[in-house]
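# Descriptive structure summary
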Amino acid sequence: MSHREYICTKDGSTQFNTGKQSSLHLHIQKAILLSLEAKKLISKQQRVQCAEILERQQR
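Everything numeric here is computed off the predicted structure, so don't read it as measured data.

Thresholds, definitions, all that
Residues numbered from 1 in each chain as written. Predicted model: local features only at pLDDT ≥ 70, side-chain atom pairs only at ≥ 80, totals over all residues. Heavy atoms only, no water. Helix = DSSP H or I, 4+ residues; strand = E, 2+ residues; numbered from the N terminus. Buried < 20%, exposed > 50% of the residue type's maximum accessible area, 1.4 Å probe, protein only. Areas by Shrake-Rupley, 256 points an atom, 1.4 Å probe, with all protein chains shown as cover.

### Concerning the overall build of the protein
Per the secondary structure count, the protein includes two helices and zero strands. The burial tally for the protein puts 14% of its 59 residues in the buried class. Carbon and sulfur atoms form 54% of the exposed surface of the protein, whose accessible area is close to 5200 Å².

### Some points on the environment of Ser2
The topology assignment puts Ser2 in the segment before helix H1 (18–38). The class of Ser2 is partly exposed, set by a relative accessible area of 46%. Here the alpha-carbon distance between Ser2 and His27, two residues 25 residues apart in the chain, equals 9.4 Å.

### Remarks on the environment of Glu5
Along the polypeptide, Glu5 turns up in the segment before H1. Among the residues examined, Glu5 registers a relative accessible area of 63% and is labelled exposed.

See the structure below:
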């Protein structure tokens, strides 16, 4: 997963691109999966399978 930075400017005129918003949502979901794996709540295989499902749903 590549490193991406998201900056909130809070100027009221910020319009999110649905593509960027979707990308952010996917990265948050993958981060949650990595966190669950780190806590030994899911296996690596489960994380990979879930990530694949999430990527397919985004397309």
